[in-house]
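# A look at the structure
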Amino acid sequence: DTAVSQTPKYLVTQMGNDKSIKCEQNLGHDTMYWYKQDSKKFLKIMFSYNNKELIINETVPNRFSPKSPDKAHLNLHINSLELGDSAVYFCASSLQLAGGRDTQYFGPGTRLTVL
Amino acid sequence: AQTVTQSQPEMSVQEAETVTLSCTYDTSESDYYLFWYKQPPSRQMILVIRQEAYKQQNATENRFSVNFQKAAKSFSLKISDSQLGDAAMYFCACMEYGNKLVFGAGTILRVKS
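The following paragraphs examine the structure supplied in this document. (Residues numbered from 1 in each chain as written. Chains lettered and ligands numbered in written order. Predicted model: local features only at pLDDT ≥ 70, side-chain atom pairs only at ≥ 80, totals over all residues. Heavy atoms only, no water.)

## Quick notes on the pattern of salt bridges
All names here are of chain B. As enumerated under the stated definition, the model contains 11 salt bridges over all chains in all. Between K55 and E52 there is a salt bridge, with the nearest N and O atoms lying 3.8 Å from each other. Residue K55 is classed as partly exposed on the basis of its relative accessible area, which comes to 38%. For E52, a relative accessible area of 8% translates into the label buried. Two residues, R63 and D86, come together in a salt bridge whose shortest N-O distance is 2.8 Å. Pair noted here: R63 is in the loop between β7 (60-61) and β8 (64-69) and D86 is in the loop between β9 (74-79) and β10 (88-95), with a separation of 23 residues, a long-range link. (Salt bridge = Lys/Arg side-chain N within 4 Å of Asp/Glu carboxyl O. Buried < 20%, exposed > 50% of the residue type's maximum accessible area, 1.4 Å probe, protein only. Helix = DSSP H or I, 4+ residues; strand = E, 2+ residues; numbered from the N terminus.)

Take a look at the structure:
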């Protein structure tokens with residue numbers, strides 16, 4: 001029944017570790033996104049994929065690597081975690097309409113805490 | 001680059017009253033979409049309402065309506081008959097071609113019983 005799901009919901013890890021967050025959508029959407037919400041609640045786009053192709057890649061450190069095995073999944077892998085990576089990470093999805101815009105539906109978020 | 005400004009960090013409203021949250025934006029495009037999202041303490045991002053810039057009529061969804069002033073680049077959200085469940089952080093967002101969504105800093109809405 002869940003439209004956009006993320007696992008895990010909480011992730012606590014040590015500095016220097018590598019971790020992954022998984023995202024799946026069952027809406028039949030073509031485009032998926034990753035957003036980061038910092039401690040001040042500011043939301044910023046990181047990446048977007050359309051049918052497994054990278055479309056948006058904001059200035060994000062190379063330690064962050066999105067991977068899309070198919071259009072229903074977009075995973076986020078983070079290498080060498082740093083304290084500043086602590087945030088809530090949201091996955092979202094939308095249809096890719098001809099007009100280039102459509103409503104994005106968000107997952108429940110993953111709270112990442114780096115110690 | 002597009003920017004979205006929410007000048008009210010926090011607002012309060014009495015239950016059953018009406019409250020308006022402000023948002024201004026800047027974009028170089030003539031065709032764009034505007035959104036209000038709600039984020040309750042559960043942190044889930046919930047779509048409240050959407051407005052296409054080419055539509056002159058203001059969008060409404062039950063108790064939620066917008067006042068879209070295209071020339072002034074203003075997009076305020078009016079919540080009528082406020083309920084306790086409306087308490088949340090509200091984000092205004094602008095989307096240009098390419099589906100890039102840019103958010104404002106958010107407004108915390110408190111509802112008093």
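Now, onward.
## Some details on the interface of chain A and chain B
The partner chain B presents 24 residues to the 30 residues of chain A that form the contact. For D102(A), the salt bridge identified is with R50(B), shortest N-O distance 3.0 Å. The tally of links between chain A and chain B comes to 14 residue pairs in polar contact (both at pLDDT 80 or more). Contributions of two or more residues to the side of chain A that touches chain B are made by β4 (31-37), β5 (43-50), β9 (87-94), β10 (105-106) and β11 (110-114) of chain A. Classifying every residue of the side of chain A that touches chain B gives 14 nonpolar, 10 polar and six charged. (Contact = heavy atoms within 4.5 Å. Polar contact = N/O pair within 3.5 Å; in protein donor to acceptor, adjacent residues only side chain to side chain. Nonpolar A, V, L, I, M, F, W, Y, C, P; charged D, E, K, R; others polar.)

## Describing the side chain of S82(B)
Residues and elements named next belong to chain B. Tracing the backbone shows S82 in the loop between β9 and β10. Judged by relative accessible area, S82 falls into the buried class, the value being 2%. Within the local environment of S82, its side chain forms a polar contact with the backbone oxygen of E17, the two atoms lying 2.9 Å apart. Sequence-distant contacts of S82, defined by excluding residues within four places in its chain, comprise V13, Q14, E15, A16, E17, V19 and R63.

## Description of the environment of E58(A)
Secondary-structure assignment places E58(A) in the loop between β6 (53-57) and β7 (64-70). Accessibility expressed as a relative area gives 18% for E58(A), which makes it buried. Sequence separation between E58(A) and M46(A) is 12 residues; the distance between their C-alpha atoms is 5.2 Å. In contact with E58(A), not counting residues within four places along its chain, are K44(A), I45(A), M46(A) and K100(B).

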